[in-house]
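Structure assessment
So you can see what is in the structure, the chains are spelled out below.
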Amino acid sequence: MQATTLKILLSGAAILAPPHAVMAQDTAAPEAPAAQAETYPGEILVTAQRREERVQDIPVAITAFGGQQVEKLGIMSLENLAPRVPSFYFGSFGAARPQLYIRGIGTRSFDPGSESSVGVFIDDVYAGRASGSFGSLRDIERIEVLRGPQGTLYGRNTIAGAINVITKGPTDHFTGEAEAGISNRDGYSLFGAVGGPIAGDKLMFRVAGWKAERDGYQTNLTNGNKFQGIDNWGGRARLKFAPTDVFTVDLTAELSRDGDKAAFAGFNRGSGPARSLAGVTTPPNPFAVFLGRPGRTPIAYSGGNDGYWSFDPYLDRKTESYIGRVEYDAGFATITSISALKKLRIADGRDLEGSSLDVINQLSNERSKQFTQEIRITSDPNGGASFDGALDWIIGAFYYRDRSARRDEFRLGNDSVVALLSGGPQVSTAISDYEIDSYALFGQATIHLGEKFEVTLGGRYTRDEKRAVQQGLNTRPGVPLVAAPFSVDNSATYESFDPRVVATYKFSPDASIYASFSTGFKSGGFQYVPFSAAQANVLFQPEDITTYEVGFKSEWLDRRLRFNVAAFHYDYKDLQVSRIVDLGGGAAASLISNAAASKIYGADVELMLRPSDNFDVSVTYGYLDAKYDSYFTNAASVPPTAATNFSDRPLVRAPKHSINVGGEWRIPTGDDSGLTLRADYALLAKFYHEPGEADAIYGGAVSLSKEPSYGLLDLRAAYEIGDFRVTAYVTNVTKKDYRRTVLALGSTLSDFPGEPRTYGLKVGYRF
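1. Things to note about the overall build of the protein chain
When its secondary structure is counted, the protein chain shows six helices and 40 strands. For the protein chain, buried positions account for 59% of its 767 residues. Partitioning the intrachain contacts of the protein chain with sequence separation of at least 6 by distance along the chain shows that 69% fall at a separation of at least 24. Carbon together with sulfur atoms contributes 59% to the accessible area of the protein chain, which is approximately 28100 Å² in total.

Below, the structure written as structure tokens:
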């Protein structure tokens, strides 16, 4: 396998904007000449390297979607986006608990003590808290997904990649749009935006607002309540002040809110399968309940999305964002300052073991306040500091400050083993206060050695200073989960220098090859909800990655055919892996540990073909060979036993194959009208939600963590006449049964199903 992959590495290259994305006309892109309008409908210009460039000209594996394509594809969240990007997996425990994995690297942790492996940026502002990264993706100019470490320009915690979302900004002419929609499960959505000049091109504005609701597809048969739907509203206002041609101030304020309908409930599958999933074996006890009291049997889960819970999940999430962007064109370079304040408040609760028994409910409250400041100086290609275009460079500094507080209550009911031991229900509480200060200096330069060859050199120094004060409280000493009250105060400092070297050769304006070397860094941190001082005092160390990538990007047949390929090899060390362990006797531990090492080999392929002016076909494919090289869960076991050795097992959420095939047919019906038909099919090979390759040797519910291969089919039809459009859509047409994620809790598996078939109709107007 490695020899085959090395052959791919020697012949391959980098994947850039996928066919379906490339066909979008980005509003920031210049219009194509009239003579080329049919074969070259417009480029998506991106700022992935902090300057405006064509996607195909960037020696980075990047997928870009223009605003119209976001609309055409129905991309409303990361769940809609991920299948269209090679080797990108999205899972979640609900709206406030996303799980992002790119090329096999990611995390399912979402608390302030640990951080995402995929950096999320909204209008160039880093969103440090994964729980507040995304609400609804509305009024979007474009979305850029960069695969591979992006430490030089994007910085901390982009070891897997980065997602850069650019919202629509003010314009010097009046423009607007409105849309209303309905869907099954009593869903509806409203959206409106308007913008234009206040004082010519000196002062401009844009405001947007949205509201969406849909009943959940999970039903609590105990009371008939529904969960895992949509319950979101929000708005964004932008103001741009440009007193001169060389000086601009751009201000943004955004508010988003999510409510109970978006809460997420999981089904208890015990230690035996409760739904028909091919390839899942049947351990002996299908009625096992995490921390359950002996002799108490839950109502069996009978499949589908209906089940019995003793506690209704709830969610209340509020995010606020305020951004001030100042730019000054100094002639030789552009000086950019971006200041941002983000606030996040989340209150949510769930039936943790997902059964009809009153065993354990988790109620969480989290508040955070984040401030970031970035200053960049970017060279002007025509300025004196670029030496007649021979050198493009950027230098900058970055500061990040986060103050977060989190409180988790674990309410152990009458059906728990804890209540049996203590004579009644108990409450264990974990309280954590976090402080993070991060500093960085970065720079990158591209040297143009003639018309065809260029070399890029970059680097970033990062210093993270972290502190956590963590406490454990209980209602009765000596009883788990928190057997004894504790309070610990830990601090740590992590530093890293991450270089980047890229060599690019352009065979022609439409074909190039590149080879890159880079390193990445993900900061260390603190345990999630520790139940003892010993747990709280175990800090996990940073992750480090060294990457090698070769890429080939090309366009052929008058740009009717695009073919891009990237092959990569990762040397990945000290992986942070999260597991929940049932220690027996009512004790449990949530542990984040560093797996020793991993090697990842892979390739991404993107193909776009436009056989006629009105028909497009796109194919994206991701291949991954990702395994733990050396991972022992109990270092004290010498020699390690088979039950503690995960070495040579696949990484979690890293399917070996992922494929997306899309087709779009545009049928003109008049001079100012037309029908567009689109189909997309996304297929994932089997993968695993927990370490261990679903091998029963590891005990408990690990054997149920395999996710069999599944494919999702989406269909859309849109009719446009003038400025009006009507869109009909169906997602998961075949009603495929799959899981967004699972959580192994000792011998219990909590099963979080994916969205079933959804269909709807939207009517829109723009001017």
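Here the narrative resumes, following the displayed structure.
2. Here's the deal with the environment of Lys 599
Its place among the elements puts Lys 599 in strand E30 (residues 587–612). Overall, Lys 599 belongs to the partly exposed group, its relative accessible area being 29%. A C-alpha to C-alpha distance of 9.7 Å links Lys 599 and Ile 545, two positions 54 residues apart in sequence. Apart from the residues lying within four places of it in its own chain, the contact partners of Lys 599 are His 569, Tyr 570, Asp 571, Asp 625, Ala 626, Lys 627 and Asp 629.

3. What to know about the confidence of the model for the protein chain
The predicted model of the protein chain averages 87 in pLDDT, with 89% of residues at 70 or higher. Throughout residues 1–42 the model reports pLDDT below 50, and contacts reaching past four residues in sequence, or to other chains, amount to 132 contacts. Contacts of residues 273–283 to residues separated by more than four positions or lying in other chains number 34 contacts, the stretch itself having pLDDT below 50.

4. Here we look at the pairing of strand E22 (residues 360–379)
The two faces of a sheet get side chains in turn, since along a regular strand they alternate between them. Burial analysis of E22 places 14 of its 20 residues in the buried class, which makes it a mostly covered element. As judged from the 19 bridges shared by strand E21 (residues 333–351) and E22, these two strands associate in the antiparallel manner. Note that in E22 the partner of Lys 342 across the bridge is Gln 370. Where E22 lies against strand E23 (residues 391–412), 19 bridges are found, and the strand directions are antiparallel. Looking at E23, one finds that Arg 376 is bridged to Gly 396.

5. Here we look at the sheet that holds strand E10 (residues 161–167)
Strand order in the open sheet formed by five strands is E3-E9-E10-E7-E8, and the pairing between neighbours is mixed. The two strands at the open ends of the sheet, each matched to only one other strand, are strand E3 (62–66) and strand E8 (125–126).

6. Description of a nonpolar patch on the surface
A surface patch of nonpolar side chains, amounting to about 1100 Å² of accessible area, comprises Phe 174, Ile 182, Tyr 188, Leu 190, Tyr 719, Ile 721, Phe 724, Val 726, Leu 761, Val 763, Tyr 765 and Phe 767. Of all the secondary-structure elements, those providing two or more residues to the nonpolar patch are strand E12 (187–199), strand E36 (710–721), strand E37 (724–731) and strand E40 (758–766). Element by element, the count of residues in the nonpolar patch is highest for E40, at three residues. Mapped onto the elements of the fold, Phe 174 is located in the loop between E10 and strand E11 (175–183).

7. Section: the nonpolar core
Formed by 49 residues in total, the largest nonpolar core has its most connected members in Phe 88, Ile 143, Ile 163 and Ile 600. Looking at this core element by element, the count peaks at five residues for strand E29 (residues 561–584). Not counting residues up to four positions away in its chain, the partners in contact with Phe 88 are Leu 81, Ala 82, Leu 100, Tyr 101, Ile 102, Val 145 and Ile 163. Residues Leu 357, Ile 360, Tyr 528 and Ala 536 belong to the second largest nonpolar core, which totals 27 residues.

8. Remarks on the pattern of salt bridges
Overall, the coordinates contain 60 salt bridges when judged by the stated rule. Residue Asp 408 pairs with Arg 406 through a salt bridge whose shortest N-O separation is 2.7 Å. The exposure classification of Asp 408 matches that of Arg 406, with both residues buried.

9. Some points on the environment of Thr 219
Along the chain, Thr 219 turns up in strand E14 (residues 218–220). Residue classification places Thr 219 among the buried positions, given a relative accessible area of 11%. Here Thr 219 is in contact with Gly 224, Asn 225, Lys 226, Asn 305, Asp 306, Gly 307 and Trp 309, once residues within four sequence places are set aside.

10. Here's the deal with unusual backbone geometry
Trans is the prevailing form of peptide bonds, just as negative phi is the prevailing case for residues other than glycine. Cis peptide bonds are those with omega within 30 degrees of zero, and the linkage from Pro 480 to Leu 481 qualifies with 15°. Mapping Leu 481 onto the fold places it in the loop between strand E25 (453–474) and strand E26 (486–508). One non-glycine residue with positive phi stands out, namely Arg 185, at about 55°. Positionally, Arg 185 belongs in the loop between E11 and E12. Non-glycine residue Asp 648 carries a positive phi angle of around 65°. In this fold, Asp 648 is placed in the loop between strand E31 (615–630) and strand E32 (657–670). Owing to a relative accessible area of 53%, Asp 648 belongs among the exposed residues under this scheme.

11. Structural notes on the side chain of Ser 554
Summarising the element assignment, Ser 554 is placed in strand E28 (residues 543–556). Polar side-chain contacts of Ser 554 include one of 2.7 Å to the side chain of Trp 556. In terms of polar contacts, Ser 554 uses its side chain to reach the backbone carbonyl oxygen of Phe 563, at 2.8 Å. With sequence-adjacent residues up to four places away left out, Ser 554 is seen in contact with Gln 56, Asp 510, Ala 511, Leu 561, Arg 562, Phe 563 and Asn 564.

12. Brief notes about the pairing of strand E20 (residues 314–329)
Bridge count between strand E17 (residues 247–258) and E20: twelve bridges; the pairing is antiparallel. Within E20, the position partnered with Val 249 by the bridge is Val 326. Of the pairings in the sheet, the one linking E20 to E21 comprises 16 bridges and is antiparallel in character. Residue pairing for E21: Ser 321 is matched across the bridge by Lys 342. What sits between the antiparallel neighbours E20 and E21 is a turn of three residues, in which Gly 331 has the positive phi angle 95°.

13. Details of the packing of aromatic side chains
Enumeration over the complete set of coordinates arrives at 22 aromatic pairs. Among the aromatic residues, those joined into a ring-pair cluster are Phe 121, Tyr 126, Tyr 154 and Tyr 400. Residue placement shows Arg 50 over the ring face of Phe 121; its charged tip is 5.8 Å from the ring centre. The residue whose ring lies beneath Arg 50 is Tyr 154, and the NZ or CZ to ring-centre distance is 4.1 Å.

Rules used throughout
- Residues numbered from 1 in each chain as written.
- Predicted model: local features only at pLDDT ≥ 70, side-chain atom pairs only at ≥ 80, totals over all residues.
- Heavy atoms only, no water.
- Helix = DSSP H or I, 4+ residues; strand = E, 2+ residues; numbered from the N terminus.
- Buried < 20%, exposed > 50% of the residue type's maximum accessible area, 1.4 Å probe, protein only.
- Contact = heavy atoms within 4.5 Å.
- Areas by Shrake-Rupley, 256 points an atom, 1.4 Å probe, with all protein chains shown as cover.
- pLDDT = per-residue confidence, 0-100.
- Pairing = 2+ DSSP bridges.
- Patch = residues over 30% accessible without salt bridge, like charges linked within 9 Å, V, L, I, M, F, W, Y side chains within 5 Å.
- Salt bridge = Lys/Arg side-chain N within 4 Å of Asp/Glu carboxyl O.
- Core = buried A, V, L, I, M, F, W, Y, C linked by side-chain atoms within 4.5 Å.
- Polar contact = N/O pair within 3.5 Å; in protein donor to acceptor, adjacent residues only side chain to side chain.
- Phe/Tyr/Trp six-rings, centres within 6.5 Å; stacked < 30°, edge-to-face > 60°.
- Lys NZ or Arg CZ within 6 Å of the ring centre and 35° of its normal.

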